[in-house]
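# Architecture at a glance
Chain by chain, the residues:
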Amino acid sequence: MQLDALLRLPLALARAVLAALLGRLGPLCLAPLSLPLTGWRRLSALSPAAPAGPRRQEEWDNASPTPTSVNYHFTRQCNYKCGFCFHTAKTSFVLPLEEAKRGLAMLQEAGMEKINFSGGEPFLQDRGEFVGKLVQFCKQELKLPSVSIVSNGSLIREQWFKKYGEYLDILAISCDSFDEDVNVLIGRGQGKKNHVENLHKLRQWCREYAVAFKINSVINRFNVEEDMNEQIKALNPVRWKVFQCLLIEGENSGEDALREAEKFVISDEDFEKFLDRHKDVPCLVPESNQKMRDSYLILDEYMRFLNCRNGRKEPSKSILDVGVEAAIKFSGFDENMFLKRGGKYVWSKADMKLDW
């Protein structure tokens, strides 16, 4: 019996030590982990409200937004000379295709769901092949829900739709007037080409190649009195985005600007009168200066986020150099305004159930 007791002694001691350790570690094992929350996913995945406490609140406020919808102005070059343009041809730089793809993959990894390619004029680079390859990459390789382009439409050919149309969700064509003389006055004139006639041709190609058709219009001093109801309803775009002419220091306003847009500016009251005159157009999506300024994530030709909060475009460092999370903190992006202006909508053509 003595031998048996001696053999049980180490086991009893081990149990005692383990019990003591568990008594000390128990509270630590049960305590919740405090992790920094980043991006919009914090709302849906973890909590409907900001965490309590001043330290948690500070982490919440400093968190980087998810780049759900990004506008990539990969070129500043354009064949038009719109007097109010606020992304002017200050450089001729365009990233090499593979570098642009690398940046787009980084954005997708960070949560991007929609990419919009813009300029300048995106179809000017390699006669549309550059933007076509990016569109195909984003839809085919990155599997993005929505891929769109904003263009003046003057350089788009049917062959492009045949090659890349299946990968494009939305084509937005800029048209500020259905009076060709006004278009020329604004700067959307190119020799003998008729901007309005070309718009109708593009509308037909979008039907034939299953691409959602959208129209963008900048309301300014030269078109603010125009009635566009009949023409817009006939074209029947999925969205008619109506912008108020906006001044950006260094782009279309100020000493170092390439444009002088002051003569195009209208008052808030005049903009509201235009909207009221077109209130029965079901696809109308109005955007005042207040809504526009901080509610877009804009990447320039170097893949730098542009902060417009101070009335001019102040670039972050390139996402290719510092990553998306570090760069986006300097974007000035207001996600609440993004949601308030309806920035997130049914943007995949597969979900639109359109009658092509």
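Nothing here was measured: the structure is a model prediction, and the numbers come from that model. (Residues numbered from 1 in each chain as written. Predicted model: local features only at pLDDT ≥ 70, side-chain atom pairs only at ≥ 80, totals over all residues. Heavy atoms only, no water.)

Moving on: the overall build of the protein chain. The secondary structure content of the protein chain amounts to 15 helices and 10 strands. Expressed as a percentage of its 356 residues, the buried residues of the protein chain come to 50%. Across the protein chain, every contact between residues at least 6 apart in sequence was considered, and the portion connecting residues at least 24 apart equals 74%. As displayed, the protein chain has an accessible area near 18,500 Å², and 53% of this comes from carbon and sulfur atoms. (Helix = DSSP H or I, 4+ residues; strand = E, 2+ residues; numbered from the N terminus. Buried < 20%, exposed > 50% of the residue type's maximum accessible area, 1.4 Å probe, protein only. Contact = heavy atoms within 4.5 Å. Areas by Shrake-Rupley, 256 points an atom, 1.4 Å probe, with all protein chains shown as cover.)

This next bit is on the confidence of the model for the protein chain. Scored by pLDDT, the protein chain has a mean of 84; 81% of the residues are at 70 or more. Within the model, the stretch residues 16–51 combines pLDDT values under 50 with 36 contacts to residues more than four positions away or in other chains. In this model residues 55–60 is a low-confidence stretch, pLDDT under 50, and it forms 12 contacts with partners more than four residues away in sequence or in other chains. (pLDDT = per-residue confidence, 0-100.)

Another point: the environment of K340. Assignment of secondary structure puts K340 in helix α14 (residues 335–340). You can call K340 exposed: its relative accessible area is 64%. C-alpha separation for the pair K340 and K291, spaced 49 residues apart in sequence, amounts to 8.3 Å.

Our focus in this paragraph is the packing of helix α4 (residues 97–109) against helix α5 (residues 129–141). The description of two helices packed together rests on the angle between their axes and the distance between the axes. Contact pair α4 / α5: the axes reach a minimum separation of 11 Å and the direction vectors enclose 35°. The hand of the α4/α5 crossing is right-handed. From α4, L97, A100, K101 and L104 reach across to α5, where they touch F130, K133, L134, F137 and C138. Split by residue class, the contact of α4 with α5 holds seven nonpolar, no polar and two charged. (Axes fitted to C-alpha atoms, helices over the stretch in contact; angles between N-to-C directions. Left-handed = near helix turned anticlockwise from the far one by under 90°. Nonpolar A, V, L, I, M, F, W, Y, C, P; charged D, E, K, R; others polar.)

Okay, helix α10 (residues 268–277) next. All buried positions along α10 are accounted for by F271, F274 and L275. Each buried residue of α10 sits inside an arc of 100° when the element is viewed along its axis, so together they form one side. Close packing links the buried residues of α10 with β5 (212–219), β6 (239–244) and β7 (284–287). (Arc of directions from axis to C-beta.)

This part takes up the nonpolar core. Judged by nonpolar contacts, the single largest core of 66 residues is most densely connected at Y72, L104, I115, F117 and W240. Residue contacts for I115: discarding those within four places in its chain leaves V70, Y72, L104, C138, L144, S146, V147 and S148. Counting residues in hydrophobic clusters, the runner-up holds 16 residues, among them F84, F243, I248 and L306. (Core = buried A, V, L, I, M, F, W, Y, C linked by side-chain atoms within 4.5 Å.)

For the rest of this paragraph, the subject is the pairing of strand β10 (residues 314–318). In the sheet, strand β9 (residues 304–307) pairs with β10 via three bridges, with the strands oriented antiparallel. Bridged to N307 within β10 is E314. Connecting β9 to the next strand, β10, in antiparallel fashion are six residues, including G311 with a positive phi near 85°. (Pairing = 2+ DSSP bridges.)

Residue placement: T75 occurs in the loop between β1 (69–73) and α4. At 3.1 Å, the side chain of T75 and the backbone nitrogen of Q77 are in polar contact. Look past the residues within four positions of T75 in its chain and what remains in contact with it is H87, V94, S118, G119, G120, E121 and P122. (Polar contact = N/O pair within 3.5 Å; in protein donor to acceptor, adjacent residues only side chain to side chain.)

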